[in-house]
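Structure assessment
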Amino acid sequence: MKDPVVVVGIGEMGGVFARGFLRAGRPVFPVTRGTAPEAVAAAVPKPALALVAVAERDIHPVLGDLPSTWRDRVGLLQNELLPRDWKRHGLEQPTVIAVWFEKKKGQDVKVILPSPVHGPRTPLIAEALEQLEIPVRVLESEQALEFELVRKNLYILTTNIAGLEAGGTVGSLWSRHRELAEAVAEDVLSIQEVLVGHALPREALIDAMVTAFEADPDHGCLGRSAPQRLQRALQLADDAGLEVPTLRRIASRHLRAGAD
Ligand SMILES: NC(=O)c1ccc[n+]([C@@H]2O[C@H](COP(=O)([O-])OP(=O)(O)OC[C@H]3O[C@@H](n4cnc5c(N)ncnc54)[C@H](OP(=O)(O)O)[C@@H]3O)[C@@H](O)[C@H]2O)c1
């Protein structure tokens, strides 16, 4: 029997990965919200992978409480993720995937682009997704991973935040509201630069975002988390003393005052 895996958070993503691991012949041990991770770790101290599939708002408490024997075998997949998020928990080399497939409640998986993966447990992620015919792209360096994480953040934040104003699809955002999309993207990149601690290749990142628009032009701009994403972005901008004028203008029109 193959070594088991642990999946923390059995939501849409956790469900997809669990199915992939099971089809690949790996036992899957779930950690749900009501489960003590230490109790699972007592049964499975050294899984082949401990995939953390909770949403971005829940990731820090989960990483803070991670059983010590899982720390060198963590997998991460959240949107809005950057290396600072795992480094603040002292995790040196998690395996990270920038997810470019969509899984919504009541729908099957929809692939937008091959999903880039990097880290020591990459073969396990690839093995699971291969079972589901979801393509992955193996990255060779931490720099390439940082680029891909920022690219995904740029896509999700630009489409969600500009979508508050323009609605519609990513295709229509780029063809009919390009000025708005570019202004939002520049503000988002200013925040991302502070978060990664250096200047970013803005043009290449915007080109890479547009490649994803072109891969699925009918993708809706707005997600259910768009207002929260804008609020998080503004909090980060405030902390960094950034102006981000377009984000503030959109917030003044579309966020309820005092909403959390
Ligand atoms: N779905 C997509 O298409 C997609 C695409 C790309 C990236 N992503 C990213 O993938 C991540 C997960 O998204 P999702 O759509 O799978 O979200 P989701 O369906 O909300 O699943 C998250 C799951 O984590 C559980 N959870 C929360 N805190 C937990 C804890 N402390 N211990 C154990 N389980 C816990 C939640 O339980 P409760 O139900 O009790 O809250 C829920 O079942 C997000 O960061 C998202 O941005 C998703």
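All values reported here derive from a predicted model rather than from experimental measurement.

1. Let's talk about the pattern of salt bridges
Applying the stated criterion to the full structure yields 19 salt bridges. For the salt bridge of Glu56 with Arg229, the shortest nitrogen-to-oxygen distance reads 2.6 Å. Here the residue Glu56 occupies a position in the loop between strand S3 (49-52) and helix H3 (59-64), and Arg229 occupies one in helix H10 (residues 226-240), the gap between them amounting to 173 residues. Per residue, the accessibility class of Glu56 equals that of Arg229, and both read buried. The shortest N-O distance in the salt bridge between Arg253 and Glu165 comes to 3.3 Å. Here Arg253 is found in helix H11 (residues 245-254), whereas its partner Glu165 is found in helix H6 (residues 142-166), with 88 residues between them in sequence. Look at Arg253 and you get exposed, because its relative accessible area is 53%. Via salt bridges that share partners, Glu56, Glu80, Arg229 and Arg232 belong to a single interconnected network.

2. Looking at the nonpolar core
Ranked by size, the top nonpolar core spans 66 residues in total, and within it Val52, Trp70, Leu76, Leu230 and Leu247 carry the most contacts. Of the residues that make up this core, three or more belong to each of domain 1 (5-140) and domain 2 (143-254). The residues touching Leu247, leaving out its near neighbours within four places in the chain, are Ile161, Val184, Asp187, Ile191, Leu230, Ala233 and Leu234. If you look at the next biggest cluster of nonpolar residues, it comprises 21 residues, including Phe21, Ala53, Val117 and Ile125.

3. Remarks on the pairing of strand S1 (residues 5-8)
The side chains of a regular strand alternate between both faces of the sheet. Going residue by residue along S1, you find Val5 and Val7 tucked away on one face and Val6 and Val8 tucked away on the opposite face as well. As defined by bridge partners, S1 adjoins strand S2 (residues 28-31) across 4 bridges and the pair is classed as parallel. Each bridged residue has a counterpart across the sheet, and for Val5 the counterpart in S2 is Val28. Crossover S1 to S2 through helix H1 (residues 12-23) is right-handed. Strand direction decides the pairing type here: S1 and S3, joined by 4 bridges, are parallel.

4. Details of the sheet that holds S3
With mixed pairing, 7 strands are arranged side by side in an open sheet as S2-S1-S3-S4-S5-S8-S9. One side of each edge strand has no neighbouring strand; the edge strands of this open sheet are S2 and strand S9 (136-138). Between one strand and the next, the sheet's axes are offset by a mean angle of 20°, whatever the strand orientation. Sheet topology places strand S5 (residues 95-97) next to strand S8 (residues 115-118); 2 bridges connect them, and they run antiparallel.

5. Notes on the site of the ligand
Near the ligand, the surroundings consist of 23 residues, among which Met13, Arg33, Glu56, Asn79 and Lys103 are the closest. Within the contact set of the ligand, an oxygen atom lies 2.7 Å away from a side-chain nitrogen or oxygen of Arg33. Glu56 places a side-chain nitrogen or oxygen 2.2 Å from an oxygen atom of the ligand. In the complex, the protein chains occlude 78% of the 890 Å² of accessible area that the ligand would expose alone. Among the elements of the structure, H1 and strand S6 (101-102) are those that each provide at least two residues to the shell around the ligand. Here the residues of the shell around the ligand are counted per class, giving 10 nonpolar, 5 polar and 8 charged.

6. A closer look at the environment of Ala41
When you line up the elements, Ala41 lands in helix H2 (residues 37-43). Taking the C-alpha atoms as reference points, Ala41 and Thr69, separated by 28 residues in sequence, lie 7.6 Å from one another. Residues in contact with Ala41, not counting those within four places in the same chain, are Pro67 and Trp70.

7. A word on helix H8 (residues 178-196)
Since the α-helix packs 3.6 residues into each turn, any two residues three or four apart lie on the same face. Between its terminal C-alpha atoms H8 stretches 26 Å, which fits the 27 Å expected from 19 residues at 1.5 Å a residue. All of the buried residues in H8 are Leu180, Ala181, Val184, Ala185, Asp187, Val188, Leu189, Ile191, Gln192, Glu193, Leu195 and Val196. Against helix H4 (83-87), H6, helix H7 (170-176), helix H9 (202-215), H10 and H11 lie the buried residues of H8.

8. Section: the domain arrangement of the protein chain
Entries for the protein chain in the domain assignment read domain 1 (5-140) and domain 2 (143-254). For domain 1 and domain 2, the distance between their C-alpha centres works out to 24 Å. The interface is formed by 21 residues belonging to domain 1 together with 21 residues belonging to domain 2. Counting the surface lost from both domain 1 and domain 2, the interface buries some 2,000 Å², and carbon and sulfur atoms represent 64% of this.

What counts and what doesn't
Residues numbered from 1 in each chain as written. Predicted model: local features only at pLDDT ≥ 70, side-chain atom pairs only at ≥ 80, totals over all residues. Heavy atoms only, no water. Salt bridge = Lys/Arg side-chain N within 4 Å of Asp/Glu carboxyl O. Helix = DSSP H or I, 4+ residues; strand = E, 2+ residues; numbered from the N terminus. Buried < 20%, exposed > 50% of the residue type's maximum accessible area, 1.4 Å probe, protein only. Core = buried A, V, L, I, M, F, W, Y, C linked by side-chain atoms within 4.5 Å. Domains from an automatic or database assignment. Contact = heavy atoms within 4.5 Å. Pairing = 2+ DSSP bridges. Right-handed = clockwise from strand over helix to strand, strands pointing away. Axes fitted to C-alpha atoms, helices over the stretch in contact; angles between N-to-C directions. Near = heavy atom within 4 Å. Polar contact = N/O pair within 3.5 Å; in protein donor to acceptor, adjacent residues only side chain to side chain. Areas by Shrake-Rupley, 256 points an atom, 1.4 Å probe, with all protein chains shown as cover. Nonpolar A, V, L, I, M, F, W, Y, C, P; charged D, E, K, R; others polar. Expected span 1.5 Å × (residues − 1). Buried area = accessible area lost by both parts, 1.4 Å probe.

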